[in-house]
Protein chains: 2
Amino acid sequence: MTKVTAQMSISLDGCYAGTRAADTADWLESAEAAGFFRVTRWATDAAAWRERQGFAGGERTTNSDNIAETFAAAGAYVMGRRMADGGEVPWGEVPPFRAPVFVVTHRPRPVLHRGGGTSFTYVTDGVASAVAQAKEHAGGKDVQVAGGGSLVRQVLALGLLDELELHVAPVLLGDGLRLLGPGLGLGAKEGIELIPIRVIEGEGITHLRYRVEGVRPLVLDNRGRDEGPVLLAEG
Amino acid sequence: MTKVTAQMSISLDGCYAGTRAADTADWLESAEAAGFFRVTRWATDAAAWRERQGFAGGERTTNSDNIAETFAAAGAYVMGRRMADGGEVPWGEVPPFRAPVFVVTHRPRPVLHRGGGTSFTYVTDGVASAVAQAKEHAGGKDVQVAGGGSLVRQVLALGLLDELELHVAPVLLGDGLRLLGPGLGLGAKEGIELIPIRVIEGEGITHLRYRVEGVRPLVLDNRGRDEGPVLLAEG
């Protein structure tokens, strides 16, 4: 059965890139890029990622196996508009996806066909529609939320994400674009519960995979009034 | 050799408690408490934690072993003032620490001696002094930063933390008191690098231990101008 999954590289403090660059800035010189390159370096170094991009070299590691598995599992993608726009030129005539990509956008545009099995379909009627269309075209494989972070949050908030894999890089960025947190539409005493289903210790990176259970109330446990609160949090 | 370590339970989105309660609020009824109880529930359920608090029951699990190890490793603690104030009454005559605790505060106060080997020494000349005094009194065991979150950040920012263990609960709180992130004193293209040294899959919780390397510049990798950026981040 087709699952909807997302895989994101984040810092240990939860950021997938550094502080957001101004639209007028040179992105490659920005703190946003510096953070992004740091947390995704494990992928850049991996043979499976480099081969898919057409780059030479790369390491055949546990990290590389993880990437190969992720590519192989994808039947279709959903993608945010900014990521699609930013990638259109650098991805070139044979983008690395090799599957239909459904781009969530407000701007209608004809389907863009590329080599190697990649196509970009521009979906203007919302995230849920893009996910539904991707499911129809996934051929029984997974729909992967390619990113960026805001799209992952939207798919989560809509209750449409089945699995989330975080590739946790051992670095604290201090500030930056945060993948999870605000923007999930949760009430003050609600959480989105997940179940850890796989932990892999990669080379300098930790791969944590979760099944998403859904929104649940946060309930006080038995350290409440009967026994007294024993440890207290501090801001 | 005495190491300075910290152990904190956090949600998958990096919060150790829910949204901060107003000082006038009933803390136990607050979203802050609801989030805190959710992310620390694994400890509450564990036999080693319950025994140390004098509570009945508890599960003898991998999680419990982790707690027993942490208690056994502690020779002295440093603690934030809010946590110490909040715990003073509920911890009672025999607090769970059984070691000297050095409380970082602005308010001078005589040493408070409690049963079972716990004492509270109030340190008014800063975090580094509290850490140094705790090291002197740790008897060769570890100094543990008991919390709260702001003290952990301060010890990290001062370059005084040797190891950090995060107990990651599989829940997204959406908003709350964030352990890591802003407040680390990092420049825009700097990060604090760590090295993953241990991963344990506990019962419904993932224990991630890191050695702290220190502040390093974030450097662009070879996806820069030569090959073109292949994946872009989105805010």
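Every value quoted in this text rests on a predicted model; they were computed, and no experiment measured them.

> Is there a simple way to think about the pairing of strand β8 (residues 163-169) of chain A in this case?
Two faces, one strand: in a regular strand the side chains alternate between the faces of the sheet. All names here are of chain A. Burial analysis of β8 places seven of its seven residues in the buried class, the great majority of the element. Pairing geometry for strand β1 (residues 4-11) and β8, over seven bridges, is parallel. Across the sheet, residue Met8 finds its bridge partner in β8, namely Leu166. Judged from the six bridges that link them, β8 and strand β12 (residues 206-217) form a sheet pairing that is antiparallel. Pairing of Val168 across the sheet is with Thr206, part of β12.

> Even after reading the chapter, I still don't get the pattern of salt bridges, so can you show me in this structure?
A side chain with one charge can pair with a side chain of the opposite charge if their charged atoms come near. Residue and element names in this part refer to chain B. Across all of its chains, the model carries 27 salt bridges over all chains by this definition. Between Glu165 and Arg209 there is a salt bridge, and its shortest N-O distance comes to 3.6 Å. A residue pair is termed long-range when its members are at least 10 positions apart, and Glu165 in strand β8 (residues 163-169) and Arg209 in strand β12 (residues 206-217) qualify at 44 residues. Its relative accessible area of 18% is what places Arg209 among the buried residues. Of the charged contacts, one joins Glu213 and Arg211 as a salt bridge, the two residues approaching to 3.7 Å between their closest N and O atoms.

> What am I meant to see in the interface of chain B and chain A here?
Many analyses report the size of an interface as the accessible area lost when the parts associate. Facing the 85 residues of chain B at the interface are 84 residues of chain A. Surface buried jointly by chain B and chain A totals about 7,700 Å² across both partners, of which 62% is contributed by carbon and sulfur atoms. Where chain B meets chain A, there are two salt bridges. Residues Arg38 of chain B and Glu193 of chain A are paired through a salt bridge, measuring 2.7 Å at the closest nitrogen-oxygen approach. Linking chain B to chain A there are 10 residue pairs in polar contact (both at pLDDT 80 or more). If you tally residues by element for the side of chain B that touches chain A, the top one is helix α1 (residues 31-44) of chain B, at 11 residues. Of the residues assigned to the side of chain B that touches chain A, the class counts are 45 nonpolar, 19 polar and 21 charged. Relative to strand β9 (residues 171-172) of chain B, strand β11 (residues 190-201) of chain A is paired through two bridges, and the arrangement is antiparallel.

> Looking at this model, I keep getting lost on the sheet that holds strand β6 (residues 119-123) of chain A. Mind explaining?
Note: strands within a sheet are paired through backbone hydrogen bonds, in either parallel or antiparallel orientation. An order of β5(A)-β6(A)-β4(A)-β3(A)-β7(A)-β1(A)-β8(A)-β12(A)-β11(A)-β9(B) is seen for the 10 strands of this open sheet, with the pairing classed as mixed. Only two strands of the sheet have a single neighbouring strand rather than two, namely β5 (112-113) of chain A together with β9 of chain B. Where β1 of chain A meets strand β7 (residues 142-147) of chain A, three bridges bridge the pair, whose relative direction is parallel. Residue pairing across strands places Thr5 of chain A opposite Gln144 of chain A, the latter belonging to β7 of chain A. Of the strands in this sheet, β1, β8 and β12 of chain A are in contact with helix α1 (residues 31-44) of chain A, which crosses β1 of chain A at around 120 degrees. Its contacts with the sheet place helix α6 (residues 149-157) of chain A against β1, β3 (74-80), β4 (100-104), β7, β11 and β12 of chain A together with β9 of chain B, and it is angled at close to 135 degrees to β7 of chain A.

> Just checking my understanding: could you explain α6 of chain A for this structure?
Residues separated by three or four positions in an α-helix point in the same direction, a consequence of the helix having 3.6 residues per turn. Extensive coverage of α6 of chain A is indicated by the burial of seven of its nine residues. Gly159 of chain A occupies a position one or two residues after α6 of chain A and carries a positive phi of about 75 degrees.

> Looking at this structure, I do not really get the packing of aromatic side chains. What am I missing?
Aromatic ring pairs are defined here through the distance separating the ring centres and the angle between the ring planes. Within this structure, the stated rule accounts for 16 aromatic pairs over all chains. Note on Trp49 of chain A and Phe55 of chain A: the rings are 5.9 Å apart at their centroids and 70 degrees apart in plane angle, and the pair reads as edge-to-face. In this pair, the class of Trp49 of chain A matches that of Phe55 of chain A, namely buried. Taking the centre distance of 5.8 Å and the plane angle of 55 degrees together, the rings of Phe36 of chain B and Phe37 of chain B count as tilted. By relative accessible area, which is 7% here, Phe36 of chain B ends up buried. Owing to a relative accessible area of 1%, Phe37 of chain B belongs among the buried residues under this scheme. Over the ring of Phe71 of chain B we find Arg52 of chain B; its NZ or CZ atom is 4.1 Å from the centre of that ring.

> Just checking my understanding: could you explain the relation of the copies chain B and chain A for this structure?
If you rotate chain B by 180 degrees and push it 0.0 Å along the axis, it lands on chain A with an RMSD of 0.0 Å. The operation mapping one copy onto its partner corresponds to a two-fold rotation axis. Of every C-alpha in chain B, the one belonging to Gly14 of chain B sits nearest the axis of rotation, 3.4 Å from it. Comparing contact sets, 99% of the residues at the interface of chain B also lie at the interface in chain A, consistent with an isologous, same-surface contact.

> How should the UniProt feature "domain: Bacterial bifunctional deaminase-reductase C-terminal" (unreviewed entry) in chain A be read in this particular structure?
In the numbering used here, UniProt assigns the "domain: Bacterial bifunctional deaminase-reductase C-terminal" (unreviewed entry) feature to residues 3-182 of chain A. As a span, residues 3-182 of chain A carries 35% helix and 26% strand, and end to end its C-alpha atoms are 25 Å apart.

> How should the sheet that holds strand β1 (residues 4-11) of chain B be read in this particular structure?
With mixed pairing, the 10 strands of this open sheet are ordered in space as β9(A)-β11(B)-β12(B)-β8(B)-β1(B)-β7(B)-β3(B)-β4(B)-β6(B)-β5(B). Each end of this open sheet is capped by a strand with a single partner; those strands are β9 (171-172) of chain A together with β5 (112-113) of chain B. Sitting on the sheet, α1 of chain B is in contact with β1, β8 and β12 of chain B, with an inclination near 120 degrees to β1 of chain B. Taken strand by strand, helix α6 (residues 149-157) of chain B contacts β9 of chain A together with β1, β3 (74-80), β4 (100-104), β7 (142-147), β11 (190-201) and β12 of chain B, and its axis lies near 135 degrees from that of β7 of chain B.

Definitions and limits used
- Residues numbered from 1 in each chain as written.
- Chains lettered and ligands numbered in written order.
- Predicted model: local features only at pLDDT ≥ 70, side-chain atom pairs only at ≥ 80, totals over all residues.
- Heavy atoms only, no water.
- Buried < 20%, exposed > 50% of the residue type's maximum accessible area, 1.4 Å probe, protein only.
- Helix = DSSP H or I, 4+ residues; strand = E, 2+ residues; numbered from the N terminus.
- Pairing = 2+ DSSP bridges.
- Salt bridge = Lys/Arg side-chain N within 4 Å of Asp/Glu carboxyl O.
- Contact = heavy atoms within 4.5 Å.
- Buried area = accessible area lost by both parts, 1.4 Å probe.
- Polar contact = N/O pair within 3.5 Å; in protein donor to acceptor, adjacent residues only side chain to side chain.
- Nonpolar A, V, L, I, M, F, W, Y, C, P; charged D, E, K, R; others polar.
- Axes fitted to C-alpha atoms, helices over the stretch in contact; angles between N-to-C directions.
- Phe/Tyr/Trp six-rings, centres within 6.5 Å; stacked < 30°, edge-to-face > 60°.
- Lys NZ or Arg CZ within 6 Å of the ring centre and 35° of its normal.
- Least-squares fit on C-alpha atoms with pLDDT ≥ 70 in both.
- UniProt positions renumbered as here; feature names shortened; annotations may be inferred.

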